[in-house]
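# Residue-level structure breakdown
What follows is the residue order along each chain.
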Amino acid sequence: MKSASERHFNRFTLIRKYGYPCEIHRVYTEDGYILEMHRVPNGKYNAKKGPKPVVLLQHGLLSSSAEWVLMTPGKGLAYILAEIGYDVWMGNARGNTYSRHHKSLVATSSEFWKFSWHEIGYYDLPAMIDYVIKETGAPKIQYIGFSQGTTVFWVMTSTRPEYNDKVSAMQALAPVVYLRNVRSPLVKAIAPFTNTLEIIFKLLGKNELLPNGKINELAGQTVCVEEAITQFLCTNLLFLVCGFNEEQLNKTMLPVVMGHTPAGSSTRQFVHFGQIYKSDEFLQFNHGWIKNKFVYGTFRPPAYNLSAIRTPAFLHYADNDWLSTPNDVHRLSRSLKSVVGKFKVPMPEFNHLDFVFAINATNYIYSRLINIMEQFK
């Protein structure tokens, strides 16, 4: 069982606890948000100095850089990459636990939360990539995104195509663009009502969903620990959203995961995904036809130009992923000219969260991922 203190370690402390170096960097976006990035410049056992290949890891919805380091060394992707010689950078999107600051706005104001994953792709990701390239001197970096971390990459490289030249290769874990075939009953039940939910949230003065706080503390300390009879509630909630795979769920680590996740997001991020589900198209945020005309010059939000994406992309998907389903990944593959490879995880039960939290993620996904990355060093 993990100690209570470990459940509440921040990323910096957790990484240091395992004997790895960790740096905190702050990045400013064009529209004034202050983002926190975490860096593992070398491994615990491979402490070689000097220039290294650089990789940026970007988390999914409701998460943070924790995704890559909560699992122990040898299992967490950030540790694995650091040990084989990569300079590992982990981003944190605006609004999550570590990126809740702005040059002029406060996180308690509604103005702070007027963003969806479009702004994360258009502002946050370019700012982080430019910062990493400047700090490391690397001409290009490699990129690994999980779930929403892939969505924002497609946003960036389609709306700001110059960034295609700054990334040598993109590894998409459970890529999300199309959502027609989502299988999660919970998501399917909520998605059609996302616009209505946004109105309700506005009336309630609620701009943020599921921030890190008391819910995490309760889950990490009592509800989700191994000996608790309520642990099945945690596991079943995860399975209901992402797909069932009890074999790969590390129940010992569940309190640690639930102690750090969810890490918060804007309500508009959910609404935007709901719009994609309903429209069955990869479109910019729909503000309503009047505001659309003011913002976009058209009554309908424009589609993202996927043909502008040139970065070599590798899509990694799983049969039992209820959010990034095989059929939707196949459709994405047909839409993206830059897709070099498409790889199915060789385990029928592998689900959405298994890409970052599975017990044997190294065997099922990371080993192949690393082999591909070696070609782009």
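Residues numbered from 1 in each chain as written. Predicted model: local features only at pLDDT ≥ 70, side-chain atom pairs only at ≥ 80, totals over all residues. Heavy atoms only, no water.

It is worth spelling out the packing of aromatic side chains at this point. Following the criterion strictly, the structure yields 19 aromatic pairs and no others. When the centroid spacing of 4.7 Å and the interplanar angle of 35° are considered together, the rings of Y143 and F153 count as tilted. In this pair, Y143 is assigned in strand β6 (residues 141-146) and F153 in helix α5 (residues 148-159), connecting sequence segments ten residues apart. For the pair Y143 and F153, one class covers both residues: buried. Sitting over the face of the ring of F299, K293 holds its NZ or CZ atom 5.2 Å from the ring centroid. (Phe/Tyr/Trp six-rings, centres within 6.5 Å; stacked < 30°, edge-to-face > 60°. Helix = DSSP H or I, 4+ residues; strand = E, 2+ residues; numbered from the N terminus. Buried < 20%, exposed > 50% of the residue type's maximum accessible area, 1.4 Å probe, protein only. Lys NZ or Arg CZ within 6 Å of the ring centre and 35° of its normal.)

The subject of this paragraph is helix α13 (residues 326-335). One turn of the α-helix equals 3.6 residues, which is why residues spaced by three or four share an orientation. For α13, the full list of buried residues reads P326, D328, V329, L332 and S333. When α13 is viewed along its axis, its buried side chains cluster within an angular range of 160° and face the same direction. (Arc of directions from axis to C-beta.)

What follows covers the packing of helix α4 (residues 117-136) against α5. Pairs of packed helices are described in terms of their axes, by the angle between the two and the distance that separates them. Two elements in contact, α4 and α5, have axes separated by 8 Å at closest approach and are oriented at 80°. As judged from the angle between their axes, α4 and α5 are roughly perpendicular. Seen from α4, the contacting residues are W117, H118, I120, G121, Y122, L125, P126 and I129; seen from α5, they are Q148, T151, V152, F153, V155, M156 and T159. Residues that form the contact of α4 with α5 fall into these classes: ten nonpolar, five polar and no charged. (Axes fitted to C-alpha atoms, helices over the stretch in contact; angles between N-to-C directions. Parallel < 35°, antiparallel > 145°, perpendicular 65-115°, else oblique. Contact = heavy atoms within 4.5 Å. Nonpolar A, V, L, I, M, F, W, Y, C, P; charged D, E, K, R; others polar.)

Once that is clear, we can look at the nonpolar core. Membership of the largest hydrophobic core comes to 50 residues, with the highest contact counts inside it found for L125, I129, W154 and F282. Top element by residues in this core is α4. It accounts for eight residues. If near-sequence neighbours (up to four positions away) are discounted, F282 is found in contact with W117, T151, W154, V155, V177, Y178, I276, A303, Y304 and L306. Judged by nonpolar contacts, the second largest core, of 40 residues, contains A66, L77, F350 and V356. (Core = buried A, V, L, I, M, F, W, Y, C linked by side-chain atoms within 4.5 Å.)

The subject of this paragraph is the pattern of salt bridges. A complete count under the given rule lists 14 salt bridges for this structure. Between K114 and E111 there is a salt bridge whose closest N-O contact spans 2.8 Å. Take E111: its relative accessible area is 42%, and that puts it in the partly exposed class. We note a salt bridge from R310 to D165, for which the minimum N-O separation is 3.0 Å. Of this pair, R310 sits in the loop between α12 (289-296) and β10 (313-317) while D165 sits in the loop between α5 and β7 (167-173), and the two are 145 residues apart along the sequence. Put simply, E23, R39 and D87 are held in one network by salt bridges that share partners. (Salt bridge = Lys/Arg side-chain N within 4 Å of Asp/Glu carboxyl O.)

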